Amino acid sequence: MERRAFLRASSVGLALSLPTAAAASRSSGAAVQGVYEPLGQVPVTGAAEAVVGDDGETAYVAATTGFASVDVSDPAEPTVLAEERDIELSGGILSEVLDVTVDGDRLVAAGPANPGFSTTGFCCYDVSDPANPVSTGAHDTGYHIHNCYLEDDLLFVPANTGDQNPLVIFDVGGDEITQLGYWSLVEHEPGWRDINWLARYLHDVYVQDETAYLPYWNAGTYLIDVSDPNDPGYVSHVSDTTLAEQREIGGQEAVYGLPGNDHYAAVDDTGELLAVGREAWATGGEEPDRPGGIDLYDVSDPERPEHRGSIDPPRTTDESRSGGMWTTSHNFELRNGQLYSSWYRAGVQIHDISDPTAPERLAWWRDPGTTGFWTARVVKPGETFLASSTEAIPNTSIEGALYTFPIEPGEQADPPSLQDPADWEINGNETGGSDGANGSEGGTESSENETGNTDDSIPGFTGVAGLIGSGVALERLRRRGNVQD
């Protein structure tokens with residue numbers, strides 16, 4: 001595929017325009033690279049995923065015990081409009097709300113992100129007035145929901161029950177919420193049934209132009225035709241490993257280490273460029289034994305995807321999962337020839353991907369002592385994007401918040417070194433690192449998950465499990481989240 005297929009105007013990739021507010025305070029033009037820094041921030045307790053409403057002025061942030069709506073019309077002063085905490089569902093309270101999805105005036109909050117809770121499902125809201133969300137219905141699924149995606153009246157839900165791990169489609173547009181069709185990896189390729197369910201976990205879903213993109217962890221990312229929501233069908237898939245290879249790998253390495261680890265996937269505006277983020281850590285296994293990056297694929301012919309390029313992760317000294325010094329890829333967005341990405345404590349980045357064979361980094365910012373970014377989303381094209389910082393990374397003292405950033409070239413002045421975690425301090429307390437710190441070429445992973453259990457934990461699931469695993473911690477989040485109620 002030719003370069004112009006990814007970007008209709010070749011100059012867009014580098015012609016990053018300044019936000020109005022930023023332009024007023026800068027004497028140099030947009031093409032001059034300057035000091036890069038956030039425009040503003042606002043605390044959001046329990047912050048995880050963040051999405052932008054169709055108005056381009058409101059953000060919605062999953063907040064562990066509920067969600068918050070935030071006015072981002074003035075990026076220098078984002079303001080919390082409302083917080084919906086202690087969401088009731090089937091007589092219980094919905095916990096571990098790490099994902100929200102919005103389309104038009106409808107928002108869906110889903111959870112819990114991990115199994116083991118009695119209250120499971122999703123709740124729908126009318127957010128035509130973002131300052132006053134109104135509940136419009138709910139559905140008890142009987143299984144946890146790590147992530148989901150809303151497109152018009154259809155809600156796409158990964159149903160990770162351990163056996164099938166299918167994509168399930170719901171109609172949420174009528175008076176009653178109804179289940180439509182589903183698609184299952186193990187029905188398509190039964191051999192995956194023999195692999196540990198976490199190694200074929202359906203971590204997320206992204207939908208555009210009647211195609212669903214399903215990152216099935218080590219099985220790869222699958223393109224599914226959902227033009228008939230009652231009968232989804234296989235189109236193709238991309239993979240960094242094979243079923244035969246997965247049969248030979250076991251333990252921590254199979255779930256937390258490369259290859260594989262398809263965590264998040266999305267396409268650009270044209271639907272011709274697919275990005276797959278691989279969330280991974282060093283496990284002490286075979287190479288590559290490092291954090292995961294982002295791979296770019298040409299899907300102009302969706303039946304024949306072709307790998308085009310990659311973005312490598314930032315590196316640090318202890319790259320194990322338990323160390324808390326995470327620099328692996330997390331969530332992102334592709335828009336107008338740019339990729340806006342989050343890398344936990346390694347910060348946020350903007351890349352020009354108009355030529356996907358040679359991604360060019362345009363801007364970046366990090367503050368690993370106070371931030372660990374979950375996602376990056378465009379607010380106003382050519383002007384601003386946002387990023388949510390989560391307090392869920394283990395062995396850290398990060399506070400949840402929503403940040404806004406300019407869309408312009410630049411580099412941070414005097415950035416904290418990723419190779420010297422002793423500088424990552426909050427109120428004089430060192431963060432990051434662990435007793436088992438290792439060199440950048442490898443690491444070891446504790447056999448315990450965040451809740452202190454020796455059972456398998458969900459791949460890609462952060463320290464929120466530990467944060468809210470006890471009633472005391474959960475109550476602390478509820479109290480902090482209800483300050484403005």
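Scroll up to find the structure.
Residues numbered from 1 in each chain as written. Predicted model: local features only at pLDDT ≥ 70, side-chain atom pairs only at ≥ 80, totals over all residues. Heavy atoms only, no water.

This part is about the environment of Pro302. Here Pro302 lies in the loop between strand E23 (294–298) and strand E24 (306–311). Given the relative accessible area of 37%, Pro302 is considered partly exposed. In this structure, the C-alpha to C-alpha distance between Pro302 and Ser236, residues 66 residues apart in sequence, is 6.8 Å. The residues touching Pro302, leaving out its near neighbours within four places in the chain, are Leu223, Val235 and Ser236. (Helix = DSSP H or I, 4+ residues; strand = E, 2+ residues; numbered from the N terminus. Buried < 20%, exposed > 50% of the residue type's maximum accessible area, 1.4 Å probe, protein only. Contact = heavy atoms within 4.5 Å.)

Now for the sheet that holds strand E32 (residues 410–411). The mixed open sheet is built from six strands, whose spatial order is E1-E32-E28-E27-E26-E25. Bordering the open sheet on either side are strand E1 (34–35) and strand E25 (332–335), each of which pairs with just one other strand. (Pairing = 2+ DSSP bridges.)

Further remarks concern a negative patch on the surface. Where like charges cluster on the molecular surface, the negative patch consists of Asp209, Glu210, Asp225, Asp228 and Asp231. Take Asp231: it is sitting in the loop between strand E19 (221–225) and strand E20 (233–238). The class of Asp231 is exposed, set by a relative accessible area of 55%. (Patch = residues over 30% accessible without salt bridge, like charges linked within 9 Å, V, L, I, M, F, W, Y side chains within 5 Å. Areas by Shrake-Rupley, 256 points an atom, 1.4 Å probe, with all protein chains shown as cover. Salt bridge = Lys/Arg side-chain N within 4 Å of Asp/Glu carboxyl O. Lys, Arg positive; Asp, Glu negative; His and termini not counted. Charge placed at Lys NZ, Arg CZ, Asp CG, Glu CD.)

Backbone hydrogen bonds are what pair the strands of a sheet, in a parallel or an antiparallel way. Across the sheet, which stays open at both edges, the four strands sit in the order E9-E10-E11-E12 with antiparallel pairing between neighbours. Every interior strand has two partners, whereas the edge strands, strand E9 (99–103) and strand E12 (134–140), have only one. For this sheet, the mean angle separating the axes of adjacent strands, direction not counted, is 20°. As judged from the six bridges shared by strand E10 (residues 106–111) and strand E11 (residues 121–126), these two strands associate in the antiparallel manner. Bridge assignment links Ala110 to a residue of E11, and that residue is Phe122. (Axes fitted to C-alpha atoms, helices over the stretch in contact; angles between N-to-C directions.)

Further remarks concern the pairing of strand E16 (residues 178–183). Pairing of strand E15 (residues 167–171) with E16, which is carried by four bridges, proceeds in the antiparallel orientation. Following the sheet pairing, Leu167 is matched in E16 by Trp183. The antiparallel pairing of E15 with E16 creates a hairpin that spans six residues between the two strands.

With respect to the helices and strands, the residue Gly53 is situated in the loop between strand E3 (50–52) and strand E4 (58–62). Through-space distance from the C-alpha of Gly53 to that of Gly104 is 7.1 Å; in sequence the pair is 51 residues apart. Apart from residues no more than four positions distant in its own chain, Gly53 is found in contact with Thr58, Tyr60 and Val102.

The biggest cluster of nonpolar side chains holds 48 residues, and the ones touching the most others in it are Phe156, Leu214, Tyr222 and Leu274. Here Leu214 is in contact with Leu167, Trp183, Leu202, Asp204, Val205, Gly220, Thr221, Tyr222 and Ile224, once residues within four sequence places are set aside. Among the nonpolar cores identified, the runner-up in size contains 19 residues, and Ala62, Phe67, Val97 and Val127 belong to it. (Core = buried A, V, L, I, M, F, W, Y, C linked by side-chain atoms within 4.5 Å.)

Relative to the helices and strands, Leu418 is located in the loop between E32 and strand E33 (425–426). Here Leu418 falls in the buried class, since its relative accessible area comes to 6%. Leu418 sits 52 residues away from Arg366 along the chain, and the two C-alpha atoms are 9.5 Å apart. Not counting residues up to four positions away in its chain, the partners in contact with Leu418 are Pro314, Arg315, Thr316, Thr317, Thr327, Arg345, Ala346, Arg366 and Trp424.

Below, the discussion takes up unusual backbone geometry. Residue Pro259 is bonded to the preceding Leu258 through a cis peptide linkage, with omega at 0°. Here Pro259 lies in the loop between helix H4 (251–256) and strand E21 (262–267). With an omega of 0°, the peptide bond between Glu287 and Pro288 qualifies as cis. A positive phi angle, close to 55°, is found at Ser90, a residue other than glycine. Tracing the sequence through the fold places Ser90 in the loop between strand E7 (88–89) and strand E8 (92–93). Residues other than glycine seldom take positive phi values, yet Asn261 does so here, at roughly 60°. Inspection of the secondary structure puts Asn261 in the loop between H4 and E21.

Now for the pattern of salt bridges. For the structure on display, the rule yields 11 salt bridges. For Glu319, the salt bridge identified is with Arg315, shortest N-O distance 2.7 Å. Looking at Glu319, the relative accessible area reads 2%, which means it is buried. Residue Arg315 is classed as partly exposed on the basis of its relative accessible area of 28%. Among the salt bridges present, the one from Glu333 reaches Arg335, with a minimum N-O distance of 2.9 Å. Each of Asp262, Arg278 and Asp295 takes part in salt bridges that share partners, so that together they form one network.

The next subject is the packing of aromatic side chains. Taken as a whole, this structure holds 22 aromatic pairs when the rule is applied. Taken together, a centroid distance of 5.8 Å and an interplanar angle of 85° make the contact between Tyr216 and Tyr222 edge-to-face. For the pair Tyr216 and Tyr222, one class covers both residues: buried. Geometrically, the ring pair formed by Trp365 and Phe405 is tilted, given 5.7 Å between the ring centres and 55° between the ring planes. With Trp365 in strand E28 (residues 360–365) and Phe405 in strand E31 (residues 401–406), this residue pair connects regions lying 40 residues apart in the sequence. Its relative accessible area of 9% is what places Trp365 among the buried residues. Here the aromatic cluster, defined as three or more aromatic residues joined through ring pairs, consists of Tyr36, Tyr340, Trp365, Phe373, Phe385, Tyr403 and Phe405. If you follow Arg321 out to its NZ or CZ, it ends over the ring of Trp281, 5.2 Å from the centre. (Phe/Tyr/Trp six-rings, centres within 6.5 Å; stacked < 30°, edge-to-face > 60°. Lys NZ or Arg CZ within 6 Å of the ring centre and 35° of its normal.)

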